[in-house]
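# Architecture and fold: a report
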Amino acid sequence: MTTESLTKFWPLILSIIQEFWAITEPHIEDAAIQASIPIELYYYSELGLDSFSTEEFQKRDPFSNPMQFEKIFVTLNFKGWIEPQPDEKYQVTEKARKAARRIIQAGDGFLLPFESFTDIDLKKLAGLLKQLVHSCQFTPEPPRKWAIEKRFRIAGQDSPVIVQLREHLMDLFAYRDDSHISAARPHFGQAGIVWNVLGSLWRKEAVTAEQVAESLAFRAYEVNDYEVALQAAAQIGWAERIDTSSAYRITQTGRELREQAEQLTNEYFYAPWSVLIQSELDELYDLLLKLRDQLNSFRKR
């Protein structure tokens, strides 16, 4: 078993997570509105619901504008969802954790009919995924395990199997983030926005600051921020401006660096998968393919 033979799994896992989001998130948002619960408690649950701080959040998300976190912290504090602490952190209240659990469960409720819709052996699939998650948790670092340890979980042994499946996949999502950040941070330090533009350049032949800002709007940076980041990438040899236009393209140095980081991400991410033998990996892939396709059919029925 080699890392290269396993790389087909992550795109498939991500596509399944996106199917889960497409089914659950509209109902999570509705539940939040109806109960006057900030939707940020759902989004930030993946960053942990013990305490909030920009420093902590950037351990999983160094790529978004930290100012957006600070603004939301002020609102959540004002409304009593979090409480300021002396170390520039906010303590998340029990009220907030209960609220997050409530709206996440509201979304999960719309997954439950899938158990009678599908012919997949969900318990078998859950068992294989659980082995992987446990292996990720106990495999020696690197990567630094922050996301997989901090994320807020609601599923337990008594939860419906489809909800347990969603939770296991989100654990793997967290470990993928841990793997990528451990592989990439030595190159970008605190300048996650520069890594954003390198990723955009790596995926496309040429980009402008306007295009990056549009495609990464959820990162909450402005066009001017990305223009500065593209200039910085050019200064360190990762990018180059195309003639006199406003577009940039990746250099060979930038491409090699980004591909090295991707390779190291995969090495970190797939190392724990040695817990499964080849026949189990083959079965896992087949089950995941069926899950993706049947979730899609279930969502569109």
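Each remark here, short or long, concerns the structure printed above.
Conventions adopted
- Residues numbered from 1 in each chain as written.
- Predicted model: local features only at pLDDT ≥ 70, side-chain atom pairs only at ≥ 80, totals over all residues.
- Heavy atoms only, no water.
- Axes fitted to C-alpha atoms, helices over the stretch in contact; angles between N-to-C directions.
- Helix = DSSP H or I, 4+ residues; strand = E, 2+ residues; numbered from the N terminus.
- Parallel < 35°, antiparallel > 145°, perpendicular 65-115°, else oblique.
- Left-handed = near helix turned anticlockwise from the far one by under 90°.
- Contact = heavy atoms within 4.5 Å.
- Nonpolar A, V, L, I, M, F, W, Y, C, P; charged D, E, K, R; others polar.
- Salt bridge = Lys/Arg side-chain N within 4 Å of Asp/Glu carboxyl O.
- Buried < 20%, exposed > 50% of the residue type's maximum accessible area, 1.4 Å probe, protein only.
- Core = buried A, V, L, I, M, F, W, Y, C linked by side-chain atoms within 4.5 Å.
- Phe/Tyr/Trp six-rings, centres within 6.5 Å; stacked < 30°, edge-to-face > 60°.
- Lys NZ or Arg CZ within 6 Å of the ring centre and 35° of its normal.
- 1 Å grid on protein atoms, 1.4 Å probe; cavity = no way out; pocket = protein on both sides within 12 Å on 5 of 7 lines; lining within 4 Å.
- Points joined across faces, edges and corners; volume = space filled by probe spheres on them.
- Patch = residues over 30% accessible without salt bridge, like charges linked within 9 Å, V, L, I, M, F, W, Y side chains within 5 Å.
- Areas by Shrake-Rupley, 256 points an atom, 1.4 Å probe, with all protein chains shown as cover.
- Lys, Arg positive; Asp, Glu negative; His and termini not counted.
- Charge placed at Lys NZ, Arg CZ, Asp CG, Glu CD.
- Pairing = 2+ DSSP bridges.

## A short note on the packing of helix α8 (residues 122-138) against helix α10 (residues 161-188)
Packing of α8 against α10 leaves a shortest axis separation of 9 Å and a crossing angle of 30°. It follows from the interaxial angle that α8 and α10 lie roughly parallel. In this structure, the crossing between α8 and α10 has a hand that is left-handed. Across the interface between the two elements, Leu122, Lys123, Leu125, Ala126, Leu129, Lys130, Leu132, Val133 and Cys136 of α8 pack against Val161, Leu165, His168, Leu169, Asp171, Leu172 and Tyr175 of α10. By residue class, the composition of the contact of α8 with α10 is twelve nonpolar, one polar and three charged.

## Structural notes on the pattern of salt bridges
Scanning the model with the defined rule gives 18 salt bridges in all. In this structure, glutamate 19 and arginine 299 form a salt bridge, with 2.8 Å as the shortest nitrogen-oxygen distance. Of this pair, glutamate 19 sits in helix α2 (residues 9-34) while arginine 299 sits in helix α15 (residues 278-300), and the two are 280 residues apart along the sequence. By relative accessible area, glutamate 19 is classed as buried at 10%. Between arginine 60 and aspartate 177 there is a salt bridge, and its shortest N-O distance comes to 2.8 Å. With a gap of 117 residues between them, arginine 60 in the loop between α4 (54-57) and α5 (66-78) and aspartate 177 in helix α10 connect regions that are remote in the sequence. For arginine 60, a relative accessible area of 7% translates into the label buried. The network of salt bridges with common partners includes Glu46, Arg60, Asp108, Arg151, Arg153, Arg166, Glu167, Asp171 and Asp177.

## Focus on the nonpolar core
Formed by 45 residues in total, the largest nonpolar core has its most connected members in Phe9, Leu169, Trp273, Leu284 and Leu288. For this core, the secondary-structure elements that each account for two or more residues are α2, α8, α9 (147-150), α10, α14 (252-270) and α15. Residue contributions to this core peak at ten residues, all from α10.

## As for the packing of aromatic side chains
Going through the model one piece at a time under the given rule, you end up with 25 aromatic pairs. Ring geometry for tryptophan 21 versus phenylalanine 173: centroids 5.8 Å apart, planes at 50°, classification tilted. Taken as a pair, tryptophan 21 in helix α2 and phenylalanine 173 in helix α10 lie far apart in primary sequence, 152 residues in all. We note lysine 95 situated over the ring of tryptophan 81; from NZ or CZ to the ring centre the distance is 4.3 Å. When the ring centre of phenylalanine 298 is taken as reference, the NZ or CZ atom of arginine 301 above it lies at 3.8 Å.

## Some remarks on the layout of surface pockets
Rolled over the atoms, a probe sized like a water molecule indicates the empty space that remains. Each pocket or cavity is described by its volume, and for the largest pocket that value is around 1700 Å³. Taken together, 50 residues make up the lining of the largest pocket; nearest its centre are Asp61, Phe173, Asp177, Phe218 and Arg219. Listing elements by their share of the lining of the largest pocket, those giving two or more residues are α2, α3 (40-43), α5, α6 (94-108), α10, α11 (192-203) and α14. The greatest single-element share of the lining of the largest pocket, amounting to nine residues, is contributed by α2. Of the residues contributing to the lining of the largest pocket, the split by class is 23 nonpolar, eleven polar and 16 charged.

## Overview of a negative patch on the surface
Residues Glu55, Glu70, Asp87 and Glu88 make up a contiguous surface patch of negative charge. Note on placement: glutamate 70 falls in helix α5. Classification of glutamate 70 by relative accessible area gives partly exposed; the value is 34%.

## Focus: the packing of α8 against α15
At a minimum axis distance of 10 Å, the contact between α8 and α15 shows a crossing angle of 120°. Taken together, the axis directions place α8 and α15 in an arrangement best described as oblique. The element α8 and its partner α15 pack so that their crossing is left-handed. Contacts between α8 and α15 pair Lys124, Leu125, Leu128, Leu129, Gln131 and Leu132 from the former with Glu280, Glu283, Leu284, Leu287, Leu288 and Leu291 from the latter. Broken down by class, the residue content of the contact of α8 with α15 amounts to eight nonpolar, one polar and three charged.

## With respect to the sheet that holds strand β1 (residues 51-52)
Across the sheet, three strands lie side by side as β1-β3-β2; this open sheet has antiparallel pairing. Looking at strand neighbours, the two that pair on one side only are β1 and β2 (82-84), the edges of this open sheet. In the sheet, β1 pairs with strand β3 (residues 90-92) via two bridges, with the strands oriented antiparallel. Of the residues in β3, the one forming a bridge with serine 51 is glutamine 91. Sheet strands touched by α5: β1, β2 and β3. Its angle to β2, the strand with the most contacts, is close to 105°.

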